[in-house]
Every structure is written in C-alpha cells, then in structure tokens.
Amino acid sequence: MRWAACAAGVGLALVPMTGSAQAQEELEEVQEARRTLLMAMPGTPVSSLWGLVGQLGIGVEHAVGSHVALVGSVQVSGALQGTESLLPGGSGSSGQTWGVGVDPGVHFYLTGRAPEGLWVGPHLELATYHWTVQNEYLMGRPDVPLSEGDLVTVETRSRTVQYGGSVRVGYTAILAPGLTFQVGAGLTALSSRNTNFGTPRVEGGGAATDVEGQQLLGSGFGPNNIRNWSVSPRMTLGVGWAF
C-alpha cells in the first residue's frame, strides 16, 4: 500500500512538470519559426545644402543562422519648403526635393537567437536626392524704387549623392504574438557630392534686366560640383512584425 501511494504521488508530481516542459518546447518552436522581421523605420533627417530632409523606410531582417542575420532597408524622402519677402511683391524662394536610399547590412547577435537579442554589425549606405529651387529677385532700376522693380525668377536643379557606411549596436525584442521593436545606435561616415545640372532658367523682367539676370546665373550659384564628407551619430528605430 505504501509503495502504491508513493508511486501515485510521484506520478501526480510529474504531470505538471511534463506539461511545463511541453509548453516550453512549444514556445521554443514558435520562437525558432520567427526568422524574418518586417519593420517600418523612420529615418534620421539628412543634412543637405538646402536644409534637412526627413525620411521614412521599410526594413527587412532574415536570420541565416543562430547568431547571424542579413538586414536591409529602403528609404524614401520628400519635402517642400519656401520663404517670402517682407516687402509686398518682393523676392522669395521655394523648393521641392525627393530622394531614395538603400541600407544593407549584417547583424551579429551577441545574446539570444537571431533575429532577437543584442546585436552589432556593419551597414552600407547609399542615397540620392534631387532638388528643384526657384529664387525670386527684385531687379531695381535707376528711375523707380526697389520695391517697384522687375521681379525675376531663377530656377536651378541639383542632385546630391551620398555613400558610405556605419557601425551600429542595438537590441531587437519580439513580443507575443509577434510584435517587434528594434533600436540601434552607432557612427556613420558619409561622402557627399552635389552637382548642379541642366541650365538655370530666368523668367520675368524685361530687356533692361536681361544683363542683370545673366549676371545672377553666372555668379549666384557657385561651383557645379561640391564634395564633402562627414562623420556623425546614427540612430535607428523600427516597429513591425516577426514571422
């Protein structure tokens, strides 16, 4: 009777443990099946000759091993901006821009199982932005006040190309049933080249302002190619789904 009671007690004690082990195995299987992340990624504003441009992108990450994942994102941007003169009918400016960039990389997971946990990795960065800018100038004449001069509009177009790389460290968290949060920070080094292309166009004014308009075209826009490089912090955020 004693041996039967002991056996029954041990069996009852093992039932919860078996159920817990089965639940843990099912959880691990679910986590292992989540090998791909799809995220929305607001980008860091890009500095340019004409100001700051906001970005919004879509990122994908796929685990190719227990501690390695391939990542990539595509970002698009667009902006409208303008200024007005304090004088009625005076000079002003307006501009439009659009751009696209790609950001491939590799994440090496130091903790957890890819694509979840603490990671570090390099990224390549390539982007291009196109700008159209209209500047309005009041061209004065000797016989009239400046506020009543001819209004001339000068339009110019340019393209900025950026390329370089970054090194980042971050953390990815996957919550049930699959909601994903990712944050990363690091340093990026970029080389930029700005090129004016096309022929600047002058509108408005009369024959008396043609010469002054040509002087604006010849002296108001600087060199055709401007190159620079920069090293700056890089911050990335992502919210999406794991499957």
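Bear in mind the structure is a predicted one, so any value in this text is a computation, not a measurement. (Residues numbered from 1 in each chain as written. Predicted model: local features only at pLDDT ≥ 70, side-chain atom pairs only at ≥ 80, totals over all residues. Heavy atoms only, no water.)

As a further point, take the overall build of the protein chain. Looking only at helices and strands, the protein chain features 2 helices and 9 strands. Reading the helices (α) and strands (β) of the protein chain from amino to carboxyl end gives α-β-β-β-β-β-β-β-β-α-β. Burial statistics for the protein chain: of 243 residues in total, 33% are counted as buried. Relative to all contacts within the protein chain whose residues are 6 or more apart in sequence, the contacts with residues 24 or more apart total 68%. Carbon and sulfur atoms provide 65% of the accessible area of the protein chain, an area that totals close to 14300 Å². (Helix = DSSP H or I, 4+ residues; strand = E, 2+ residues; numbered from the N terminus. Buried < 20%, exposed > 50% of the residue type's maximum accessible area, 1.4 Å probe, protein only. Contact = heavy atoms within 4.5 Å. Areas by Shrake-Rupley, 256 points an atom, 1.4 Å probe, with all protein chains shown as cover.)

Another point: the pattern of salt bridges. Across all of its chains, the model carries 3 salt bridges by this definition. For arginine 168, the salt bridge identified is with glutamate 125, shortest N-O distance 3.1 Å. Of this pair, arginine 168 sits in strand β7 (residues 150-175) while glutamate 125 sits in strand β6 (residues 117-139), placing them 43 residues apart in sequence. A relative accessible area of 4% places arginine 168 in the buried class. The exposure class assigned to glutamate 125 is buried, which follows from its relative accessible area of 11%. Between arginine 234 and glutamate 125 there is a salt bridge whose closest N-O contact spans 2.5 Å. Separated by 109 residues along the polypeptide, arginine 234 in strand β9 (residues 225-242) and glutamate 125 in strand β6 bring together distant segments of the chain. Relative accessible area serves as the criterion here: at 15%, arginine 234 is assigned to the buried category. Here the salt bridges share partners, and the residues they tie into one network are Asp103, Glu125, Arg168 and Arg234. (Salt bridge = Lys/Arg side-chain N within 4 Å of Asp/Glu carboxyl O.)

Attention shifts here to unusual backbone geometry. Note: most peptide bonds trans; most residues except glycine with negative phi. Cis geometry is adopted by the peptide bond preceding proline 115, which originates at alanine 114 and carries an omega value of 10 degrees. Within the fold, proline 115 resides in the loop between β5 (105-109) and β6.

Scanning all chains against the criterion turns up 2 cavities of 30 Å³ or more. Lining the largest cavity we find 15 residues, and of these Met41, Val71, His107, His123 and Gln182 sit closest to its centre. For the lining of the largest cavity, the secondary-structure elements that each account for two or more residues are β1 (36-48), β2 (51-63), β3 (68-83) and β6. In the lining of the largest cavity, the residues fall into 5 nonpolar, 7 polar and 3 charged. (1 Å grid on protein atoms, 1.4 Å probe; cavity = no way out; pocket = protein on both sides within 12 Å on 5 of 7 lines; lining within 4 Å. Points joined across faces, edges and corners; volume = space filled by probe spheres on them. Nonpolar A, V, L, I, M, F, W, Y, C, P; charged D, E, K, R; others polar.)

Tracing the sequence through the fold places valine 64 in the loop between β2 and β3. Along the primary structure valine 64 and threonine 36 are separated by 28 residues, whereas in three dimensions their C-alpha atoms are 9.6 Å apart.

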